[in-house]
Amino acid sequence: MLQDQKTVEAQYATADRLNRRISIHEKYSVNRQGFGPWIASHYDFHPGQRILELGCGTGDMWRGQLDSLPQGCTLLLTDASEGMLQAAKETLGTRENVCFRQMDIQRIEAEKEAFDRVIANMMLYHVPDLTLALGEVRRVLKPDGLFCCATYGENGITAHLSRLLGRPVSRENHRFTLQNGRGLLERFFSQVERLDYPDALAVTDVEDLADYLESLSGMADWTDQDRPSVCAALRQHMQNGVLLVPKEYGLFICRP
Ligand SMILES: C[S@@+](CC[C@H](N)C(=O)[O-])C[C@H]1O[C@@H](n2cnc3c(N)ncnc32)[C@H](O)[C@@H]1O
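Analysis parameters
Note that residues are indexed from 1 along each chain, following the sequence as it is written. Since the coordinates come from a predicted model, pLDDT governs what is reported: local features require at least 70, and pairs of side-chain atoms require 80 or more to be given and counted, while whole-chain, interface and lining totals use all residues. Secondary structure elements follow DSSP: runs of H or I no shorter than four residues count as helices, runs of E no shorter than two count as strands, and numbering proceeds from the N terminus. Radius of gyration: over C-alpha atoms. The globule rule applied is 2.2 Å multiplied by the number of residues raised to the 0.38 power. Exposure classes come from backbone-placed C-beta atoms, where a residue is buried if 20 or more other C-beta atoms lie within 10 Å of its own, exposed if 12 or fewer do, and partly exposed in between. Our contact criterion uses C-beta atoms placed from the backbone: two residues qualify when those atoms are within 7 Å. We call a residue near a molecule or strand when the C-beta position, derived from backbone atoms, sits within 6 Å of it. When residues are sorted by character, Ala, Val, Leu, Ile, Met, Phe, Trp, Tyr, Cys and Pro go into the nonpolar class, Asp, Glu, Lys and Arg into the charged class, and all the rest, Gly among them, into the polar class. As used here, a nonpolar core is made of buried Ala, Val, Leu, Ile, Met, Phe, Trp, Tyr and Cys residues. They are joined through C-beta atoms within 7 Å. Any two strands with at least two DSSP bridges between them are considered paired. Axis angles are defined between N-to-C directions and span 0 to 180 degrees, where every axis is a line fitted to C-alpha atoms and, for a helix, only to the segment in contact. Here roughly perpendicular refers to angles of 65 to 115 degrees, roughly parallel to angles under 35, roughly antiparallel to angles over 145, and oblique to all remaining angles. Definitions for this section: a left-handed crossing has its near helix turned counterclockwise from the far helix by less than a right angle. A right-handed crossing has that turn clockwise.

> Describe the overall build of the protein chain, with residues and values.
Across its full length, the protein chain holds 9 helices and 9 strands. Taking 256 residues into account, the globule formula puts the C-alpha radius of gyration at 18 Å, and the protein chain, at 18 Å, falls close to it. With the C-alpha coordinates aligned to their principal axes, the bounding extent of the protein chain is approximately 55 × 35 × 30 Å. Here the protein chain holds 256 residues, and 38% of them are scored as buried. Sequence-distant contacts, at least 24 apart, represent 81% of the contacts inside the protein chain between residues at least 6 apart.

> Any chance you could break down the site of the ligand for me, citing the residues and the numbers?
Taken together, 21 residues lie near the ligand, and Tyr12, Gly55, Gly57, Ala80 and Met123 sit nearest. Of the residues contributing to the shell around the ligand, the split by class is 12 nonpolar, 6 polar and 3 charged.

> Which residues make up the nonpolar core, and what are the values?
Membership of the largest hydrophobic core comes to 54 residues, with the highest contact counts inside it found for Ala88, Val118, Ala120, Leu124, Val137 and Phe147. Examining the composition of this core, we find that 7 residues originate from one element, strand E5 (residues 141-152), more than from any other. If we skip the residues at most four places from it in the chain, Ala88 touches Cys56, Gly57, Thr58, Gly59, Leu77, Asp79 and Phe100. With 13 residues, the next largest nonpolar core counts Ile157, Leu161, Leu201 and Val203 among its residues.

> Provide a residue-level description of the sheet that holds strand E6 (residues 191-197), including the pertinent values.
Taken together, the 7 strands give an open sheet; going across it, the order is E3-E2-E1-E4-E5-E9-E6, and neighbouring strands pair in mixed fashion. The sheet terminates laterally at strand E3 (98-102) and E6, the two strands that pair on one side only. This sheet shows a mean twist of 15 degrees between the axes of neighbouring strands, independent of strand direction. With 4 bridges joining them, strand E4 (residues 115-119) and E5 adopt parallel strand pairing.

> How would you explain unusual backbone geometry if you had to name every residue and give the values?
Among all residues except glycine, the phi angle is most often negative; among peptide bonds, the trans geometry is most common. Non-glycine residue Glu113 carries a positive phi angle of around 55 degrees. You will see that Asn240, though not glycine, has its phi angle at about 50 degrees, which is positive. Following the sequence through the fold, Asn240 ends up in the loop between helix H9 (227-235) and strand E8 (243-246). The class of Asn240 is exposed, set by 5 C-beta atoms lying within 10 Å.

> Lay out the environment of Gly181 in plain terms, naming residues and giving numbers.
By the secondary structure assignment, Gly181 is in helix H7 (residues 181-185). Here the alpha-carbon distance between Gly181 and Phe252, two residues 71 residues apart in the chain, equals 7.9 Å. If near-sequence neighbours (up to four positions away) are discounted, Gly181 is found in contact with Thr151, Phe176 and Phe252.

> Describe the packing of helix H8 (residues 206-215) against H9, and please don't skip the residues or the numbers.
It is at 9 Å that the axes of H8 and H9 come closest, and there the two elements cross at 125 degrees. Comparing their axes, H9 and H8 come out oblique. When the axes of H8 and H9 are compared, the crossing they make is right-handed. Counted together, Val206, Glu207, Leu209, Ala210 and Leu213 of H8 and Arg227, Val230, Cys231, Leu234 and Arg235 of H9 form the full contact between these two elements. Here the contact of H8 with H9 is composed, by residue class, of 7 nonpolar, no polar and 3 charged.

> Mind laying out the packing of helix H2 (residues 16-28) against H8, listing which residues take part and the relevant values?
Viewed as axis vectors pointing N to C, H2 and H8 meet at an angle of 145 degrees, and their least axial separation amounts to 9 Å. Regarding H2 and H8, the two cross each other, and that crossing is left-handed. Side by side, H2 and H8 meet where Arg17, Arg20, Arg21, Ile24 and Lys27 of the first sit next to Asp208, Asp211, Tyr212 and Ser215 of the second. Grouping the constituent residues of the contact of H2 with H8 by class yields 2 nonpolar, 1 polar and 6 charged.

> Account for the environment of Asn173, with residues named and values stated.
You can see Asn173 is positioned in the loop between helix H6 (157-165) and H7. The exposure class of Asn173 is buried, given the 20 C-beta atoms found within 10 Å. C-alpha separation for the pair Asn173 and His126, spaced 47 residues apart in sequence, amounts to 8.2 Å.

Written out as structure tokens, the structure is:
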């Protein structure tokens, strides 16, 4: 299981593996809006708000979004990994209203009810103690604030590739998914809304999918097949030079 802290730390020590996965989404996603802009369209920011992001990764989701923050908003970007924070600084550059800090979601260094918006995208499934983490989020969120957390579903890319390859994925992490997230969140928030982002990958070069699978190393272990046989197996499922791979991603919006 992915809560193995050492595996998570190794996976995110640098931005390299995450960047490889981000690049396949950029290259092959059918929905051209983009997951980041779609998520951001639901944040409902207002002037003067204090915003906290936990597990910000490379900050890629904020690319092109910072200029549209309403006047007077401040953004604190945090991540458990110093390497990821370094990458986020490089992605986003220096701005007066944006700060970066190393932080674990299980121990948020902030006063009670300090933030209007708390964001934790694509990271809750990594957290060893989800009860502790969600309690911390609830503590630092204002009573009229929003907690936004994007995650994946259980029937997305890895499940589909697993079926195509005829191999189960071992150690796949289903600790916080679109399917079970609501139940976990409702223990801490009175209103929880689920929004789904419709998308798929239309892949024309299966070598990119092999890169994607390799980048998951330690988090979802696939196969004792070697790379050429994985690519050959995937090629057999292409139609007119395209392999269509469904995605399952979405967002929970929670109110205290
Ligand atoms: C899949 S990346 C998501 C990055 C970004 N939120 C995004 O959506 O692109 C997961 C991130 O969560 C971070 N992370 C993992 N466990 C964490 C924890 N306990 N507290 C804070 N960040 C954590 C990792 O270092 C990594 O940067």
